[in-house]
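# Secondary and tertiary structure notes
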Amino acid sequence: MRKRITVLSAILLVFSAAAIILSLPEKSQEERVDLADFKAEDIKSITFKNSSEEWTAVNDNGWRVKDSEKTADYAVTNIMDTLLNFSGKLIGQGVSDDKYGLLNPSAVVTYMTTDGDSIIFCLGDKTPPGTEYYLADSHDNIYTVYTDVGDKMKSKRYMAEDSFILGVDYDSIDSITVSGEKAFSLSKEQRSWRFVCGDTVTDVPTEKVKSGVTRYMGGMYSLEVIAATDENKEKYGFNADSEIVTVAACGRDDYYKIIMGNETENGVYIMLDGSDEIYRTSNDYFKFIKLYREGVF
C-alpha cells in the first residue's frame, strides 16, 4: 500500500512540476527594444566603416552609393531595409574591456538624420552560440542583435554596387586552358573532363569540375575595381608573362580570356582581355589552378 502511495505521489509531483513550467512567463520579444525605427525619409545617409574601408549610402529619392555610378538598387535597398528597423536585447552598460569585441569594433555605422542628428552603433563579436552580435550605442549601452543586422552592418561597398564581371553558363563550357610554366587544359568529354598537363592525362569526374571550377565561371563578381593604368598594371602584377585563363563555350566563336595578376590573402587581381579595369576577386574562383597543378582534383 505504501509503495502504491509513493508511486502516486511521484506522479502528482511530475504533473505539478509540469504545470509550474507551463505557467512560467515566456521569454519573448518584449525583452527586445527598438534600436532603429525609421522611415526612409528620416535618414539622409548611413556611413559604414570597417578595418578595410569606409563608404556611404545616401538617400537621394532612393538609396545610392555615394560617389559611385554602379549602385545596385536591389542590393543597397536590401541593406537599408534591415538597418532602418531593428531591435536588440539590453545586456549591460559600459565598454570598459574587450569582453564583447567593442573596443576594436568590426564595424562602425553612423546614421545621419534629415534633422542633422547623428546616431552611431559599434558592432562587436558574435555571441558564443553565434546567433547574435554584440552592439553598443553612443551611450555605451550594450545589446545583442540578430546576425542579419550585424552582417548588414559589416557590408562592404561592393555588396551595394553592380559588381558583376563575368557569367558563362557553366553547362555550355567546353574547355578551360591555363597558360604559364605548368600549363594545363580541361576539356569536356562525354562523361567526364579530360585534364592534360604535359605528359599527364587524367579523367576528372564532371561533378568535381562543376563544383570546383566551372560554377565560378557562371557568376564572377568583383570585390574592388581599379583603373587599368600602366602604373596599376605593374603594381598588381600584370606583365607580358601573366598567366591567362581561357574559357571556351559551346555556341561561341570567341573566347573569354582572364588575365591573372597578383594573388593576396584578400583576393586575386584579374583583368578581362580588352578591359580597361582591374578587378580584385575572391580567391575561391581560381583555387583550382594550384590544386590541379598539384594533381588534386
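Calculation notes
- Residues numbered from 1 in each chain as written.
- Predicted model: local features only at pLDDT ≥ 70, side-chain atom pairs only at ≥ 80, totals over all residues.
- Heavy atoms only, no water.
- Helix = DSSP H or I, 4+ residues; strand = E, 2+ residues; numbered from the N terminus.
- Contact = heavy atoms within 4.5 Å.
- Areas by Shrake-Rupley, 256 points an atom, 1.4 Å probe, with all protein chains shown as cover.
- pLDDT = per-residue confidence, 0-100.
- Pairing = 2+ DSSP bridges.
- Axes fitted to C-alpha atoms, helices over the stretch in contact; angles between N-to-C directions.
- Buried < 20%, exposed > 50% of the residue type's maximum accessible area, 1.4 Å probe, protein only.
- Core = buried A, V, L, I, M, F, W, Y, C linked by side-chain atoms within 4.5 Å.
- Patch = residues over 30% accessible without salt bridge, like charges linked within 9 Å, V, L, I, M, F, W, Y side chains within 5 Å.
- Salt bridge = Lys/Arg side-chain N within 4 Å of Asp/Glu carboxyl O.
- Lys, Arg positive; Asp, Glu negative; His and termini not counted.
- Charge placed at Lys NZ, Arg CZ, Asp CG, Glu CD.
- Phe/Tyr/Trp six-rings, centres within 6.5 Å; stacked < 30°, edge-to-face > 60°.
- Lys NZ or Arg CZ within 6 Å of the ring centre and 35° of its normal.

### Remarks on the overall build of the protein
On a plain count of helices and strands, the protein comes out with six helices and 19 strands. Excluding contacts between residues fewer than 6 apart, the proportion of contacts in the protein whose partners are at least 24 apart in sequence is 57%. For the protein, the exposed surface amounts to about 17,900 Å²; the carbon and sulfur share of it is 48%.

### A closer look at the confidence of the model for the protein
When the pLDDT values of the protein are averaged, the result is 88; 89% of them are 70 or greater. Low pLDDT (under 50) marks residues 1-5, which in the prediction has zero contacts with non-local residues, meaning those over four places away or in another chain. The low-confidence segment residues 10-29, where pLDDT is below 50, has one contact with residues more than four positions distant or belonging to other chains.

### Examining the sheet that holds strand S7 (residues 118-126)
As summarised here, the arrangement of the nine strands in space is S1-S5-S9-S8-S7-S6-S2-S3-S4, forming an open sheet in which the pairing is antiparallel. The open sheet has two edge strands, strand S1 (32-37) and strand S4 (63-65), and neither has a second partner. Averaged over all pairs of adjacent strands, the angle between their axes in this sheet comes to 30°, without regard to strand direction. Note: strand S5 (residues 85-93) against strand S9 (residues 141-146), four bridges, orientation antiparallel. Looking across to S9, one finds that Gln 93 is bridged to Asn 141. Taken strand by strand, helix H2 (residues 73-84) contacts S1, strand S2 (43-49), strand S3 (54-59), S4, S5 and strand S6 (107-113), and its axis lies near 50° from that of S5.

### Focus: the environment of Glu 181
Within the element layout of this structure, Glu 181 appears in the loop between strand S11 (173-178) and strand S12 (184-188). Given the relative accessible area of 86%, Glu 181 is considered exposed. Sequence-wise, Glu 181 and Asp 241 are 60 residues apart; in three dimensions their C-alpha atoms are separated by 9.5 Å.

### A closer look at the nonpolar core
Ile 258, Phe 286, Phe 288 and Tyr 292 are the most contacted members of the largest nonpolar core, which totals 32 residues. Looking at this core, the element that brings in the most residues is helix H4 (residues 206-217), giving four residues. The contact partners of Tyr 292, leaving out residues within four places of it in the chain, are Phe 184, Leu 186, Phe 195, Val 204, Lys 208, Val 209, Val 213 and Phe 297. Among the nonpolar cores identified, the runner-up in size contains 28 residues, and Leu 84, Ala 107, Tyr 111 and Phe 121 belong to it.

### A few points about the sheet that holds strand S19 (residues 277-281)
Here ten strands make up an open sheet; going across it, the order is S10-S15-S19-S18-S17-S16-S11-S12-S13-S14 and the pairing antiparallel. Each edge of the open sheet carries a strand with a single partner, namely strand S10 (164-166) and strand S14 (200-205). For this sheet, the mean inter-axis angle between neighbouring strands, taken without regard to orientation, is 30°.

### Overview of a negative patch on the surface
A contiguous patch of negative charge, built from Asp 34, Asp 37, Glu 41, Asp 42, Asp 115 and Asp 117, is present on the exposed surface. Take Asp 117: it is sitting in the loop between S6 and S7.

### Overview of the packing of aromatic side chains
In this structure the tally under the stated criterion is 16 aromatic pairs. Measuring from ring centre to ring centre gives 6.4 Å for Tyr 285 and Phe 286, while their planes differ by 80°; the resulting arrangement is edge-to-face. Judged by its relative accessible area of 10%, Tyr 285 is buried. Using a relative accessible area of 6% as the deciding quantity, one classes Phe 286 as buried. Among the aromatic side chains, those forming a connected cluster through ring pairs are Phe 184, Phe 195, Phe 288, Tyr 292 and Phe 297. The ring of Tyr 146 carries the charged tip of Arg 32 above its face, separated from the ring centre by 4.0 Å.

### Remarks on the pairing of S11
Of the strand pairs in this sheet, S11 and strand S16 (residues 244-249) are connected by five bridges, and their pairing is antiparallel. Bridging from a neighbouring strand, Ser 175 pairs with Ala 248 of S16. In the sheet, S11 pairs with S12 via four bridges, with the strands oriented antiparallel. Across the sheet, Val 178 pairs through a bridge with Phe 184, a residue of S12. Two successive antiparallel strands, S11 and S12, enclose a turn made up of five residues, where Gly 180 displays a positive phi of approximately 120°.

### Digging into the pattern of salt bridges
Under the defined criterion, the tally for this structure stands at ten salt bridges. For the salt bridge of Glu 132 with Arg 32, the shortest nitrogen-to-oxygen distance reads 2.9 Å. Residue Glu 132 is located in strand S8 (residues 132-137), and its partner Arg 32 is located in strand S1; the two are separated by 100 residues in the primary sequence. The same class applies to Glu 132 and to Arg 32, which are both buried. Between Glu 224 and Arg 280 there is a salt bridge whose closest N-O contact spans 2.9 Å. Residue Glu 224 is found in strand S15 (residues 220-227), and its partner Arg 280 is found in strand S19; the two are separated by 56 residues along the sequence. Look at Arg 280 and you get buried, because its relative accessible area is 17%.

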